[in-house]
Amino acid sequence: MSNLKDKNRFIIVSNRLPIKMEKEANSWRVSPSAGGLVSALSPILKNRGGIWIGWTGTTERIGLRPCREILDNMSKEIGYRIFPVMLTENEVSLYYYGLSNEIIWPLFHDLPGLANFDPTYWRAYRKVNEKFARAVARHSRNEDLVWVHDYQLIPLAQKLKELGIERRCFFFLHIPFPSPDIFMKMPWRYELLSDLLEYEFIAFQTAQDRRNFISCLNNMPQKLKTSGRGPVIEVTEGEKKIKVAYLPISIDFKSFTRMATSEKVCAMLKDYKKKLHRKTVILGVDRLDYTKGIPLRLKAFQMALEKYPQLHENVTLVQIVVPSREEVLAYSELKNNIETLVSSINGTFTTPGWVPVHYMYHPVPREELVALYRLADVALVTPLRDGMNLVAKEYCACKIDNDGVLILSEFAGAAAQMYHHALIVNPYDTERMADLILKAVEMPTKEKKSRMRNLRKKLKEQDVFWWVDNFLRAATGKALVDFPEKELPPILYAISPRGRS
Ligand code: ADQ
């Protein structure tokens, strides 16, 4: 069936390679990075001899040759080839911290006031994308399929074309796509849209994101035609036809469930329970980012403590924040803001034996995170805007006893799939969030279990392998039946009715 096999390799391109490189004295320590995307794509790359191209994550001068050697050893370990794109400090500063994270990131998360439209960023962004395109040209063949990931690399297909390289290119956007009134503020809006139209297949996380994209296309000077209905539609520009889809990313559900029952996690869980003296635990887990809504969440928790004294000494909020982009001013200010709020809440409400907020500002090893997911009676996932939000899904995957409640922002992509059984909240409505905290804490066991059972059922069906499989089917029109370990679900069959456009 699969005539794609062997002939058409997959070339995955993302800003970062699926590895971590750390300098130790005079040598480099390289380790594979974990995560749903890596575990979902690795079997495909191994199976088909595909490759992954991306930045190494360091600006240290290593030299292409020694770097290749290090990565070749790593390639042997992970079972597929990885090729580096080397970036200078200046390139990282302008392309990554500049255009990607000071312009696209805030703008696409509906926060245009935080965008810094510096034209030098734009030029560097396109130059670095050309660098990525050269790497793709060097390491790929005509018949390969190039799958580009995320907002850092939107112009890549256009850059390949400018180099005279013809490849079938597909694109997935992990973050939201904004509505035209926000997107049109971007000085290079038409260029960015034209860049996207150079892909033969583009997929977004939700129907809403795709709707926004189509509305933005309607603002372009040239005439475009949209046809079709359902998860995959077609945009026609002159002779060119582009398939545009929405497909929510997910997690490796089975691996989270498996880890949740492991001996190590069970021991950690027991230990946590002892230390927290059987308190009801509410959990927040986020990368340090202003899109994640952490300050408003803390204010809602504070309001809940003010309004509902029955929560005192009974409920503890465990808030984990993973350090991220601290060199950017907006992020260091956010950190200060969070820490001020935490100490204010703890200063006001702490009593002997009870600290209302346990705040951790460091990454947590995966097993510990899974133990915390199992421990938490309630997860508070309240981003102001989020492409998907994997924490919401990981939490449910780990609630193997169905004994947890998910409070979820209506502005997280995950809400399109989970709105029936989570408690959905507008993250700006702190009063309502405070009420939902009480509702979640006091929810009868029967209702709690029924909601969680339903959430887990859907996640089990629509895991990250379902996502990869459906992406490839929709993009290439071919079934990947040669993945022996997977049952292939029918294409895009089970997206919630609300998610349909
Ligand atoms: P992110 O913005 O990084 O991803 P998210 O989807 O929440 O956001 O994923 C975060 C990941 O980091 C999760 O896998 C989580 O387990 C891990 N993590 C969080 N806190 C941690 C901690 N303290 N210690 C260790 N690990 C931690 C972008 C988009 C999202 C989209 C994903 C995937 O912004 O909207 O869901 O890509 O497409």
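Everything discussed here concerns the structure shown above.
What counts, and where the lines are drawn
- Residues numbered from 1 in each chain as written.
- Predicted model: local features only at pLDDT ≥ 70, side-chain atom pairs only at ≥ 80, totals over all residues.
- Heavy atoms only, no water.
- Buried < 20%, exposed > 50% of the residue type's maximum accessible area, 1.4 Å probe, protein only.
- Helix = DSSP H or I, 4+ residues; strand = E, 2+ residues; numbered from the N terminus.
- Pairing = 2+ DSSP bridges.
- Right-handed = clockwise from strand over helix to strand, strands pointing away.
- Salt bridge = Lys/Arg side-chain N within 4 Å of Asp/Glu carboxyl O.
- Near = heavy atom within 4 Å.
- Polar contact = N/O pair within 3.5 Å; in protein donor to acceptor, adjacent residues only side chain to side chain.
- Areas by Shrake-Rupley, 256 points an atom, 1.4 Å probe, with all protein chains shown as cover.

K.L.:
Pulling in residues and values, what's your account of the pairing of strand 13 (residues 315-322)?
P.N.:
Counting buried residues in strand 13 gives 7 out of 8 residues, a clear majority hidden from the surface. Pairing analysis gives 8 bridges linking strand 12 (residues 280-287) to strand 13, with the strands arranged parallel. Residue V281 lies in a different strand from strand 13, and its bridge partner there is T316. Each parallel crossover has a hand, and for strand 12 linked through helix 11 (residues 294-307) to strand 13 it is right-handed. Considered for its hand, the β-α-β crossover made up of strand 13, helix 12 (residues 329-349) and strand 14 (residues 357-361) is right-handed.

K.L.:
Quick rundown of the pattern of salt bridges? Include the residues and the values.
P.N.:
All chains considered together, the criterion is met by 29 salt bridges. A salt bridge links K159 to E162; its shortest N-O distance comes to 3.1 Å. Of the two residues, K159 and E162 both sit in helix 5 (residues 156-162), 3 residues apart, roughly one turn of that helix. With a relative accessible area of 7%, K159 lands in the buried category. When the shortest N-O distance is used, the salt bridge between K161 and E198 registers 3.5 Å. In this pair, K161 is assigned in helix 5 and E198 in the loop between helix 7 (189-196) and strand 8 (201-204), connecting sequence segments 37 residues apart.

K.L.:
Describe the site of the ligand, naming the residues involved and giving the relevant values.
P.N.:
Close to the ligand lie 22 residues, the nearest being H174, V364, D386, M388 and E394. In this structure, an oxygen atom belonging to the ligand sits 3.1 Å away from a side-chain N or O atom of Q205. Within the contact set of the ligand, an oxygen atom lies 2.5 Å away from a side-chain nitrogen or oxygen of E394. Across the complex, the protein chains shield 83% of the 720 Å² of accessible surface that the ligand would expose by itself.

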